Amino acid sequence: MDDQSVRRRVLILYGSETGQSEAISQQIHDQCDHHLEVLTDNFNISVERLCLDTIGDQYSLETEQTVVFVVSTTGEGEPPQNALKFYRKYRKRALPKSLLSHLRYCLLALGDTNYERFANFGKDLDKRLQELSAKKFYDTGFGDDAVGLELGVEPWIENLFTAVLNHFNAYSSLNVPIVDVKLLTPVEREMSAKDNCLLMQTTDERLSQLDQLNLPLIPSKFKSFQLKLHETLPEEYVDKCLPKEFYFQTLPVMDSKVFDATLVELRQLSTDSVADNDETDSRCDAKTIIEATMRIESEGEGGCSVGHEAGDSFGVIVGNYDEEVNQVLHSLDLSGKRDFYCEVLTPEVFPHLPKICKVYDLIKYYLELRSVPKKSCLRHLADFCDNPSQKRRLLELSSREGGEDYNRVVRNQFAGILDILQVFDSCRPPLDVLVANSPCFAPRYYSVCNAPDPLNRNQFKIAFSVTTFEETLLRKDTQLFGVFTGTLFRLLRHEVSAQGDSVDQCLAKLSLESNMKSFKAFKRKNPYFKLPSNVSIPIVMVGAGTGVAPFVGFLGQRQLVSKRSTVPAGECWLFYGCRHSRRDYIYERELKQYQSDKVLTQLYVCFSRESVDEKSPKYVQNLIQNHSTALYRLIDVRKAIVYVCGDLKGMATDVFNALVSVVETAGKQSRENAVKYVRELQSEKRYLQDIWT
Ligand SMILES: Cc1cc2nc3c(=O)[nH]c(=O)nc-3n(C[C@H](O)[C@H](O)[C@H](O)COP(=O)(O)OP(=O)(O)OC[C@H]3O[C@@H](n4cnc5c(N)ncnc54)[C@H](O)[C@@H]3O)c2cc1C
Ligand SMILES: Cc1cc2nc3c(=O)[nH]c(=O)nc-3n(C[C@H](O)[C@H](O)[C@H](O)COP(=O)(O)O)c2cc1C
């Protein structure tokens, strides 16, 4: 490789399925701004950011000198959709071993340790780059969604720039910013000490004595972002069609346009209370599970039909709770301006935002209000604090020296922007600062649990358990629910009590025709988690908790297809685990009906909170092992496809290990070969997972 042809730039490449790696790569790019001056002035080096799949059109690794990769893993250890072109190009075995010997790189791999192959694409990419002789200039970092990405990501980013500058021998030219910070006067300190809120307290005495702190940079684009408020819709927008609510963001996982979905019916599937004399009654661990029926109203621009198959999932955007939006408006002194129009003057900075919309809608549908603010956000907010002790404390929490405090009182307490604004009540940031520092509201995904109905193609059902949070030291509200599941749960409660009933008189079923609720939604790509087109191929389904939901759709679809098929349907097994036979054994009636119709040929169920002794199966993995011989035969001889779906932590790994031991015992194979066997099932797409936490 001719040295002249190698590009003098730092290229940040991302591969992202749901947008996290993309956002982190943007964060890295923003933080480069500060160091950019050193790099451009002294070394004529620029910093750019691209998606992995722009390969060929906008970059080629053969002509790059320094690359920072930020990639996630999806499916069962696979690359994200927007990294596939890149992956296919560089995985070719025929490539010369010295192809990338000029390349210096580092890599941040995102994943989730609940999945069996943690950060697999990042690890594979790392290995492949080294096989092609590329050299690392900084250790690989990992972000684990199971514990919070920031835990691994933030320290990695913090040290990345030193590594980049070292790599260019530029470190000596850099002045690391240590900022002088005002110490509190004795009176101010006394006032601050009186305030005994957790966020205001430090356990590190030295921290409050420091007059110099290492503060994070506020990304320059956050400062350049501008909004303008208008009391009425500005003239130039008057004749334009403005939808009532907005959601324009395009994500790689989208398999349809964003459409309007109306909530038609809510049905509680779980049972809250059972007979008084039931000894298994233990209210505290009973999850509330709800089924929602949605109707697709409009199908976005182009009007193409959305439709669905069993195995699909939908992304739904419900927006923040109204009371939380109102609290933000109050904290920003905007309560009287909720219906003002908000015009984005710098649309290039955050292209996912609408050009104009109501202030209220912007906060409700675009900002993830519950997310834990980054240190750079706290640093930015400090600029808008009048009270010196509050300002000083925000600076401490954002500083490198205050890292421990930040973890203890912000991250570990899930302190959201609302908590911050409430405690630091002298902080009045303008709306554009809040918008710039809040991640974009994320869709929530749900697997479809009904087969497509040819007579009602526009209807889909989802089943979900209501997310509840434990009390934190900051929030004593025991009724704290997840945004989507809580909104629907409260709606169900409201409807039920409006009928003079109670949720406890459960299996509540109600029609929402009189009070229709509309959401934005889209279909999510999930190409492999589908039934085989040949109905004679046997299938084995393994579901835990609400993970049984897509299999109810599978059974409905299998029944429909079998009726039309000339060949007999293959075996169809379900291993299903939940907590209590009388509380959360959801779809019991439907499953038993499919069993008596011979659509479901084996139904094995276990109840984790009811198993009487060590021998009785507690979890699905125990059930699987109890049926090793027949199961192995079905997979090995009859070429069954195995589907795993669930919402339980560690479930993917436990089921994987159970299958390995089935192969070991029933297939009489060594542990090593059994692992290889199950991995091969995965690569042949005969072992498919749809796991969430
Ligand atoms: C492909 C896919 C399919 C899925 N299918 C289903 C399905 O069929 N059924 C189903 O039930 N779920 C499913 N899920 C999960 C679902 O998308 C949601 O994540 C889940 O329902 C929670 O959404 P929520 O808005 O109610 O909670 P959220 O508001 O998103 O709350 C959950 C988040 O809150 C944070 N948190 C934890 N503790 C606290 C605290 N004390 N205070 C504040 N925040 C806290 C956590 O970081 C967590 O990420 C699926 C997920 C995926 C990715
Ligand atoms: C459907 C799905 C499949 C996933 N599969 C894996 C996996 O096999 N291994 C892993 O480590 N993480 C897996 N994850 C977790 C993601 O890698 C993790 O959430 C990451 O932060 C997503 O980043 P992104 O938004 O840039 O794609 C999966 C997530 C989803 C939603």
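Residues numbered from 1 in each chain as written. Chains lettered and ligands numbered in written order. Predicted model: local features only at pLDDT ≥ 70, side-chain atom pairs only at ≥ 80, totals over all residues. Heavy atoms only, no water.

Naming follows an unreviewed UniProt entry, where the chain appears as Methionine synthase reductase of Oppiella nova.

Asker: Explain the layout of surface pockets here, please?
Answerer: Over the atoms a probe the size of a water molecule is rolled, and this reveals where empty space is left. Taken as a whole, the second largest pocket encloses approximately 450 Å³ of empty space. Lining the second largest pocket are 20 residues, with V318, D322, K364, T487 and K517 sitting closest to its centre. Of all the secondary-structure elements, those providing two or more residues to the lining of the second largest pocket are α8 (322-331), α9 (359-366), α15 (483-498) and β18 (517-524). Tallying contributions element by element places α15 first for the lining of the second largest pocket, with five residues. Looking at the lining of the second largest pocket residue by residue, the class counts come to seven nonpolar, five polar and eight charged. Here the lining of the second largest pocket spans two domains, since at least three of its residues come from each of domain 2 (179-243 + 324-440) and domain 3 (250-276 + 283-319 + 441-527). (1 Å grid on protein atoms, 1.4 Å probe; cavity = no way out; pocket = protein on both sides within 12 Å on 5 of 7 lines; lining within 4 Å. Points joined across faces, edges and corners; volume = space filled by probe spheres on them. Helix = DSSP H or I, 4+ residues; strand = E, 2+ residues; numbered from the N terminus. Nonpolar A, V, L, I, M, F, W, Y, C, P; charged D, E, K, R; others polar. Domains from an automatic or database assignment.)

Asker: What should I look at first to understand the environment of G111 in this one?
Answerer: Mapped onto the fold, G111 is located in strand β4 (residues 104-111). C-alpha of G111 to C-alpha of T74: the two residues are 37 residues apart in sequence and 8.0 Å apart in space. Those residues in contact with G111 that sit more than four places away from it in its chain are F118, A119, G143, D144, D145 and L149. (Contact = heavy atoms within 4.5 Å.)

Asker: What am I meant to see in the site of ligand 1 here?
Answerer: The local shell around ligand 1 holds 20 residues, among which Y445, Y446, V483, F484 and T485 are the closest. Within the side chain of W692, one N or O atom sits 3.1 Å away from a nitrogen atom of ligand 1. For ligand 1, whose free accessible area comes to 1,000 Å², the fraction covered by protein is 77%. Of all the elements in the fold, those that place two or more residues in the shell around ligand 1 are β15 (444-447), β16 (459-465) and α15. Looking at which element gives the most residues to the shell around ligand 1, the answer is β15, with four residues. (Near = heavy atom within 4 Å. Polar contact = N/O pair within 3.5 Å; in protein donor to acceptor, adjacent residues only side chain to side chain. Areas by Shrake-Rupley, 256 points an atom, 1.4 Å probe, with all protein chains shown as cover.)

Asker: Can you help me understand the pairing of strand β12 (residues 313-317) in this one?
Answerer: On a regular strand, each side chain points to the face opposite its neighbour's, so the side chains alternate between the two faces of the sheet. Among the five residues in β12, five count as buried, and that is most of the element. Residues S313, G315 and I317 line one face of β12 and the alternating positions F314 and V316 line the opposite face, and both faces are buried. Bridge count between β12 and β15: four bridges; the pairing is antiparallel. Each residue of the ladder has a partner; that of G315, found in β15, is Y445. In this sheet, β18 lies alongside β12 in antiparallel orientation, the contact comprising five bridges. The residue of β18 that forms the bridge with S313 is R524. (Buried < 20%, exposed > 50% of the residue type's maximum accessible area, 1.4 Å probe, protein only. Pairing = 2+ DSSP bridges.)

Asker: Looking at this structure, how should I read empty space enclosed by the protein?
Answerer: For the structure shown, the criterion picks out two cavities of 30 Å³ or more. Size it by volume and the second largest cavity reaches roughly 40 Å³. Looking at the second largest cavity, the residues that line it are G75, E76, G77, Y115, E116, R117, Q682 and Q689. Looking at the lining of the second largest cavity residue by residue, the classes come out as one nonpolar, four polar and three charged.

Asker: Would you mind going over the packing of aromatic side chains with me for this structure?
Answerer: The way to describe two aromatic rings as a pair is by their centre distance and the angle between their planes. Overall, the coordinates contain 28 aromatic pairs when judged by the stated rule. With centroids separated by 6.0 Å and ring planes inclined at 40°, the aromatic side chains of Y632 and Y677 adopt a geometry described as tilted. Residue Y632 is located in helix α19 (residues 628-636), and its partner Y677 is located in helix α21 (residues 671-683); the two are separated by 45 residues in the primary sequence. Accessibility assignment for this pair places Y632 and Y677 in one class, buried. Every member of this aromatic cluster is reached through a ring pair, and the members are F69, F86, Y90 and Y105. Stacked on the ring of Y445, the Lys or Arg R524 has its end atom at 4.4 Å from the ring centre. Positioned above the aromatic ring of Y528 is the side chain of K685, whose terminal nitrogen or guanidinium carbon lies 4.4 Å from the ring centre. (Phe/Tyr/Trp six-rings, centres within 6.5 Å; stacked < 30°, edge-to-face > 60°. Lys NZ or Arg CZ within 6 Å of the ring centre and 35° of its normal.)

Asker: I keep staring at the packing of α19 against helix α20 (residues 651-666) and nothing clicks. Help me out?
Answerer: Packed helix pairs are characterised by how far apart their axes lie and by the angle those axes make with each other. It is at 9 Å that the axes of α19 and α20 come closest, and there the two elements cross at 95°. On the basis of their axis angle, the class for α19 and α20 is roughly perpendicular. Along the contact surface, α19 presents S628, T629, L631, Y632 and I635, while α20 presents L659, V662, V663, T665 and A666. By residue class, the composition of the contact of α19 with α20 is seven nonpolar, three polar and no charged. (Axes fitted to C-alpha atoms, helices over the stretch in contact; angles between N-to-C directions. Parallel < 35°, antiparallel > 145°, perpendicular 65-115°, else oblique.)

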